[in-house]
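Letter by letter, the chains look like this.
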Amino acid sequence: MAKAPIPGKRLGAGNDGNQIVVIVGGIKYPLAFDAISARLVGECRRQCGMSPRELVENLKKSPDIDLVAGLVWLSRRLNGEPFVSYDEIADEIGYGTDLDFVDPTDDDDSPEA
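Residues numbered from 1 in each chain as written. Predicted model: local features only at pLDDT ≥ 70, side-chain atom pairs only at ≥ 80, totals over all residues. Heavy atoms only, no water.

## Side note on helix 2 (residues 52-61)
For step 1, the next point in the chain: When helix 2 is considered as a whole, its buried residues turn out to be Pro-52, Leu-55, Val-56, Leu-59 and Lys-60. Buried residues of helix 2, viewed axially, fall in a sector of 135 degrees; they line one side.
For step 2, the next point in the chain: In this structure, the buried side of helix 2 is in contact with helix 1 (38-48), helix 3 (65-78) and strand 3 (99-102). (Buried < 20%, exposed > 50% of the residue type's maximum accessible area, 1.4 Å probe, protein only. Helix = DSSP H or I, 4+ residues; strand = E, 2+ residues; numbered from the N terminus. Arc of directions from axis to C-beta. Contact = heavy atoms within 4.5 Å.)

Have a look at this one:
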């Protein structure tokens, strides 16, 4: 499993911490926090037990696959899959799943291994 975002460093420091890209199994899931509505924050709390910002903060402190699943769920909801459930995503991600995080402002398209 790849490293979580570095604690103490703002996520996506080059873009004011408003974006993250999670890579799961080689597929990029971009997440722009500015695009998240209050309604989706509430749904995130119901589905994942915490807000999107809390997901990131907890990922920094104690990274685990349920938090990654929450970020992927948010990304997919924002990027054209309004009916995908958190459970569907969580069932697809396991400890053996290849995971990574990239700063969307990086020019290099390939994540470091």
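## With respect to helix 1
For step 1, the next point in the chain: By the burial criterion, the buried members of helix 1 are Leu-40, Cys-44 and Cys-48. For helix 1, the angular spread of the buried residues around the axis is 50 degrees, confining them to a single face. Helix 1 presents Ala-38, Arg-39 and Arg-46 as exposed residues on the side facing more than 90 degrees away from its buried surface.
For step 2, the next point in the chain: Residues of helix 1 that are buried sit in contact with helix 2, helix 3 and helix 4 (86-92).
For step 3, the next point in the chain: Positive phi appears at Gly-49, one or two residues downstream of helix 1, with a value of about 85 degrees.

## As for the confidence of the model for the protein
For step 1, the next point in the chain: Looking at the protein as a whole, its pLDDT mean stands at 82, while 77% of the residues score no less than 70.
For step 2, the next point in the chain: Across residues 1-15 the pLDDT falls below 50, and counting only partners more than four positions away or on other chains, this stretch makes 35 contacts in the model. (pLDDT = per-residue confidence, 0-100.)

## Notes on the packing of aromatic side chains
For step 1, the next point in the chain: One pass over the full model with this rule turns up 0 aromatic pairs.
For step 2, the next point in the chain: Seen from the ring of Phe-33, Arg-53 lies directly overhead, with NZ or CZ sitting 4.5 Å from the centre. (Phe/Tyr/Trp six-rings, centres within 6.5 Å; stacked < 30°, edge-to-face > 60°. Lys NZ or Arg CZ within 6 Å of the ring centre and 35° of its normal.)

## Some points on the sheet that holds strand 1 (residues 19-24)
For step 1, the next point in the chain: Reading across the sheet, the 3 strands line up as 2-1-3 and stay open at both edges, with antiparallel pairing between neighbours. Of all strands in the sheet, those with a lone pairing partner are strand 2 (27-32) and strand 3, marking the two edges. When strand polarity is set aside, the average angle formed by the axes of neighbouring strands in this sheet is 20 degrees.
For step 2, the next point in the chain: As paired elements, strand 1 and strand 2 share 6 bridges and run antiparallel to each other. Paired with Val-24 across the bridge in strand 2 is Ile-27. (Pairing = 2+ DSSP bridges. Axes fitted to C-alpha atoms, helices over the stretch in contact; angles between N-to-C directions.)

## With respect to the nonpolar core
For step 1, the next point in the chain: Counting 28 residues, the largest nonpolar core has Val-68, Leu-71, Trp-73 and Ile-93 as the members making the most contacts within it.
For step 2, the next point in the chain: Examining the composition of this core, we find that 8 residues originate from one element, helix 3, more than from any other.
For step 3, the next point in the chain: Apart from residues no more than four positions distant in its own chain, Leu-71 is found in contact with Ile-20, Val-22, Leu-31, Leu-55, Val-56, Leu-59 and Phe-101. (Core = buried A, V, L, I, M, F, W, Y, C linked by side-chain atoms within 4.5 Å.)

## Re the packing of helix 2 against helix 3
For step 1, the next point in the chain: Look at helix 2 against helix 3: their axes get within 9 Å of each other, and the N-to-C directions meet at 145 degrees. Considering how the two elements wind past one another, helix 2 and helix 3 form a crossing that is left-handed. Residues Pro-52, Leu-55, Val-56, Asn-58 and Leu-59 of helix 2 pack against Leu-67, Val-68, Gly-70, Leu-71 and Leu-74 of helix 3.
For step 2, the next point in the chain: Counted by class, the contact of helix 2 with helix 3 contains 8 nonpolar, 2 polar and no charged residues. (Left-handed = near helix turned anticlockwise from the far one by under 90°. Nonpolar A, V, L, I, M, F, W, Y, C, P; charged D, E, K, R; others polar.)

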